[in-house]
Amino acid sequence: MTIGRQVEGLESTLRLPPLPQAAHRVRLRLQPYVRPGGRPSCQVLEVALNGVPAARLLVEKGWGDYEVRIPRALIRPGPNDLRFRLAYAESPAADGVSSDARLLSVLFNSLQAFSDE
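Residues numbered from 1 in each chain as written. Predicted model: local features only at pLDDT ≥ 70, side-chain atom pairs only at ≥ 80, totals over all residues. Heavy atoms only, no water.

(A) How the structure looks around the pattern of salt bridges. Inspection of every chain in the model, using the stated rule, returns 11 salt bridges. R85 is the salt-bridge partner of E11, the closest N and O atoms lying 2.8 Å from each other. A residue pair is termed long-range when its members are at least 10 positions apart, and E11 in strand β2 (residues 11-16) and R85 in strand β7 (residues 80-86) qualify at 74 residues. Linking E67 and R27 is a salt bridge whose minimum nitrogen-to-oxygen distance equals 3.3 Å. Here R27 lies in strand β3 (residues 24-32) and E67 lies in strand β6 (residues 64-70), a separation of 40 residues in the sequence. Look at E67 and you get partly exposed, because its relative accessible area is 33%. Residue R27 is classed as partly exposed on the basis of its relative accessible area of 30%. Bridged by salt links that share partners, the residues R25, R27, E67, R69 and D116 form one connected network. (Salt bridge = Lys/Arg side-chain N within 4 Å of Asp/Glu carboxyl O. Helix = DSSP H or I, 4+ residues; strand = E, 2+ residues; numbered from the N terminus. Buried < 20%, exposed > 50% of the residue type's maximum accessible area, 1.4 Å probe, protein only.)

Quick look at the structure:
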């Protein structure tokens with residue numbers, strides 16, 4: 001699934017359609033928002049499925065591919081909620097980069113889920 005969405009703020013939730021009752025790998029392509037003169041060039045992303053922590057990733061500057069393993073025990077029948085929490089969010093307007101006053105944290109390009117079984 002290609003997303004092309006900027007996360008505003010420190011948290012975002014994606015409702016996934018029903019998944020097979022199996023372990024999964026979730027592959028993410030994303031980049032952190034780093035304003036000029038802002039924080040260091042990385043972001044911390046915590047991933048949880050249905051409220052249970054699954055991974056903590058260090059997201060480096062620029063586009064990168066990251067993978068999260070989701071154990072079978074975390075998959076529930078029906079829709080599943082994939083939650084992303086981020087360490088910081090910044091506004092492009094704060095540095096005069098643009099007039100965009102939103103608090104941005106990370107830009108998602110794609111998300112893919114693969115069954116491991």
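Next comes the rest of the account.
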